[in-house]
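# Summary of structural features
Now for the letters of each chain:
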Protein chains: 2
Amino acid sequence: MKSAYRIGIADVARAAGVSAATVSRAVNHPALLNPTTRRRVEEAIRATGYVRNRAAQAMHGRRSATIGLVVPTVNYSIFAELLQHFNEAVSELGFTLLLATHGYDLEEEYRVLRKLLEHRVDGVALVGLDHTEDTFGLLEAQDVPAIAVWSHSPTSRISCIGADNRAAGRLAAEHLLALGHRRIGLAFPPVDDNDRARDRHGGVAEALAAAGIEPTPADSVEALYSISHSKAVCLDLLARAADLTALVCGNDIIAQGALAAASQLGVRVPADLSVVGIGDFPGSGDIVPALTTIRLPARQIGHAAGRYLAAMIADPSRRQGTTRDLLAIELIARGTTGRVRATAAAP
Amino acid sequence: MKSAYRIGIADVARAAGVSAATVSRAVNHPALLNPTTRRRVEEAIRATGYVRNRAAQAMHGRRSATIGLVVPTVNYSIFAELLQHFNEAVSELGFTLLLATHGYDLEEEYRVLRKLLEHRVDGVALVGLDHTEDTFGLLEAQDVPAIAVWSHSPTSRISCIGADNRAAGRLAAEHLLALGHRRIGLAFPPVDDNDRARDRHGGVAEALAAAGIEPTPADSVEALYSISHSKAVCLDLLARAADLTALVCGNDIIAQGALAAASQLGVRVPADLSVVGIGDFPGSGDIVPALTTIRLPARQIGHAAGRYLAAMIADPSRRQGTTRDLLAIELIARGTTGRVRATAAAP
DNA sequence: AACAGTATTGCAAATGTTTTCATAAGGGCT
DNA sequence: AGCCCTTATGAAAACATTTGCAATACTGTT
């Protein structure tokens, strides 16, 4: 006898012998009600199985109680921590998460952002600072609280909270230089439309240049966001530039691919080859040997971004101006890097 | 001079010189319009920067164009593939994903499901078959299309699409038995409120029993969903049951922890110890040595679940009855398992 | 030229809630 | 007992859209 009819606020009101307004208040402003009435309404809600309709609520009050998150991908654990902690933060504050991915395609990013805005998310977080003009325009036109996470720039167009990716690249390269490495290879994702990768790459190049090293194209390879693709291209790289003693990778997934390639070639890590990643993804510290990497504070970024958006939503007066929060990065020296081998490649 | 005022359908109508109804039709049923009018409206939409309000649409038409996904956690890559492909499927069909996590707490699952239903998701997917009575009741009362993913049971209370976890456990154990192992340890997550873990564990026990092996509590250890916790408890296990020649793990993350523990103890894999996981998470095939595991078809499950829900939403008449889809699992024998070492532990 | 039929479009009702405003019910004071 | 103040509740408007129905314009027919 299951009817498709859904219980509405009016049904509850009838059951409790009060008006719809009172039921609404019982749900949203319980303090306004006489305790007795409130209990009666709560009882009626339970009895009828009423579930309040956020869509209707959103329509009236201009608040949907949802927050959007746009990430490039959800594959592997690249953004797992960010997602986890961002969700944790916003859930605790009563919001529900709308998730969208764009696969590193900024045109697609615009489209999914639009979909999120159609659902009237109260706020939205995007990964990185590279976005199309349309995307920025849309955010401004809809003037919805927005924040860029992961990256940081003092001149960012929208508020941001993240780390200095250029410094991360520098730090990774300097670590290898300090260990005596001079022949250093690079495995990075495509840098177009990806400020994180671009900045990291730039940081590496800068550090190498400062040490008088000019990496040749032959020492570089472009890896996509998958361990197996990275492994394949690193096999290539290690074969054609066999004198490399170290590899700096654009992120930990690529580094894991590099490790797999080294292992397959019988190249010992770190004895024959040092490998450093960037990101410190979940699990990076637990593989064997544990990955040396640059830690980006994903947990903090996720939490802070969630709280920032919630604060902006709660207090629209604070919305103007751009907040920029720079979080510290850290070299996590583990098992995949070591001093350059003494036996330098004889000519 | 940015006003907080949001462009509505009426503004577009005014700009295009038509009625609001026509604008609505241009967005939702373009075929109904005279091509000329349609173009004029589309132009006005572009010019005004109108973004349609799904909340208002949901209120009227009873369709929110959102689908919910409830997973235990988003940490590591455990549900990354499921999430990725589920999202892919539903996005392609025009839905936006609402994501919620409950941290393996079924009471919390009820709460987050409720939140999803408040947002009037048109359909919802939950991981596994273990849910509270309240959860089932809520799904029935709201009669929203729902599907359990990951697990499969011919007697499931709601539609399901997934694999036979008991068979997965059996397969893992039988693989080790076929390699001659007799001293087999178990590392599993808590099985309360988790049918996947429970079934897998049951399957392992069944296969062992069929081979005349009765695992003692000393050969078992409970691992949480983190590589480092798993590593810690496996260190323990391997220390106190040093004669184990193989380990079957409740999932790939736990297996990775076991691998890390073995490595730290100088136990060679697979020479001294075989390790088999369950799941075949992204990356499991790329670690070194590559993990032997039971593949669950995450991609298929994600896609199929998304399409199933979309179909139910599109055609409510098909909703009655319970659909159950069993997908094949597969042993992926890679590098972490091998024949038991000839040098049997002398008494 | 009138008619029937079809293709477009507008009007207005309906959707489920929140909130403003108004009213009613108590309670303490003089 | 009458008055004022506070607290609690209800009535109705408002929110942004969709859609059934009606009206209009247009096409081809006879």
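Now for a description of the structure that goes with this document. (Residues numbered from 1 in each chain as written. Chains lettered and ligands numbered in written order. Predicted model: local features only at pLDDT ≥ 70, side-chain atom pairs only at ≥ 80, totals over all residues.)

### Section: the protein's contact with DNA strand D
- In the vicinity of DNA strand D, 26 residues are found, and the nearest of them are T37 of chain A together with G8, I9, A21 and S24 of chain B.
- Counting residues per element, the surface near DNA strand D draws most heavily on helix α2 (residues 20-28) of chain B, at six residues.
- Of the residues belonging to the surface near DNA strand D, the class tally is 12 nonpolar, 12 polar and two charged. (Near = placed C-beta within 6 Å. Helix = DSSP H or I, 4+ residues; strand = E, 2+ residues; numbered from the N terminus. Nonpolar A, V, L, I, M, F, W, Y, C, P; charged D, E, K, R; others polar.)

### Some remarks on the protein's contact with DNA strand C
- As a structural note, the neighbourhood of DNA strand C is formed by 26 residues, with G8, I9, A21 and S24 of chain A together with T37 of chain B the closest of them.
- Mapped onto the surface near DNA strand C, the elements with two or more residues apiece are α2 (20-28) and α4 (54-61) of chain A together with α2 and α4 (54-61) of chain B.
- Of the residues forming the surface near DNA strand C, the biggest block, six residues, is contributed by α2 of chain A.
- In the surface near DNA strand C, the residues fall into 12 nonpolar, 12 polar and two charged.

### Observations regarding the relation of the copies chain A and chain B
- Between chain A and chain B, which share one sequence, the superposing operator has a rotation angle of 180° and an axial displacement of 0.0 Å; the RMSD is 0.1 Å. Within this description, the copies of the chain are treated as partners about a two-fold rotation axis.
- Interface overlap between copies is the fraction of interface residues in one copy that are interface residues in the other; for chain A against chain B it reaches 98%, indicating a shared surface. (Least-squares fit on C-alpha atoms with pLDDT ≥ 70 in both. Contact = placed C-beta atoms within 7 Å.)

### Some details on the nonpolar core
- Counting residues in each nonpolar core, the largest one holds 210 residues, and the members touching the most others are A187, V248 and A258 of chain A together with A187, V248 and A258 of chain B.
- Once residues within four sequence positions are removed from consideration, A258 of chain B is found in contact with A187, S230, C234, L247, C249 and V275 of chain B. (Core = buried A, V, L, I, M, F, W, Y, C linked by C-beta atoms within 7 Å. Buried ≥ 20, exposed ≤ 12 C-beta atoms within 10 Å, placed from the backbone.)

### Re the interface of chain A and chain B
- Each partner contributes residues to the interface: chain A has 51 residues there, and chain B has 51 residues.
- Breaking the side of chain A that touches chain B down by element, the ones donating at least two residues are α4, α5 (80-92), β2 (96-101), α6 (106-118), α7 (133-141), α10 (227-240) and α11 (252-265) of chain A.
- It is β2 of chain A that provides the largest number of residues to the side of chain A that touches chain B, a total of six residues.
- Of the residues contributing to the side of chain A that touches chain B, the split by class is 23 nonpolar, 17 polar and 11 charged.
- Pairing geometry for β2 of chain A and strand β2 (residues 96-101) of chain B, over three bridges, is antiparallel. Paired with L97 of chain A across the bridge in β2 of chain B is L99 of chain B. (Pairing = 2+ DSSP bridges.)

### Things to note about the packing of α2 of chain A against helix α3 (residues 35-48) of chain A
Residue and element names in this part refer to chain A.
- Put simply, α2 and α3 touch, their axes get as near as 10 Å, and they point 90° apart. One finds that α2 runs roughly perpendicular with respect to α3. Taken together, the residues of α3 that come into contact with α2 (itself represented by T22, V23 and A26) are T37, R38, V41 and E42.
- In terms of residue class, the contact of α2 with α3 is made up of three nonpolar, two polar and two charged. (Axes fitted to C-alpha atoms, helices over the stretch in contact; angles between N-to-C directions. Parallel < 35°, antiparallel > 145°, perpendicular 65-115°, else oblique.)

### A word on unusual backbone geometry
Residue and element names in this part refer to chain B.
- Following V269, the chain continues into P270 via a peptide bond in cis, with omega recorded as 5°.
- Secondary-structure assignment places P270 in the loop between α11 (252-265) and β9 (274-279).
- Look at the link from V288 to P289: it is a cis peptide, with omega at -5°.
- Structurally, P289 can be placed in the loop between β9 and β10 (292-295).
- You will see that Y104, though not glycine, has its phi angle at about 60°, which is positive.
- Inspection of the secondary structure puts Y104 in the loop between β2 and α6 (106-118).
- With 20 C-beta atoms packed within 10 Å, Y104 lands in the buried category.
- Of note in the backbone geometry, W150 takes a positive phi value of approximately 90° without being a glycine.
- The topology assignment puts W150 in strand β4 (residues 146-151).
- The buried category is assigned to W150, around which 27 C-beta atoms lie within 10 Å.

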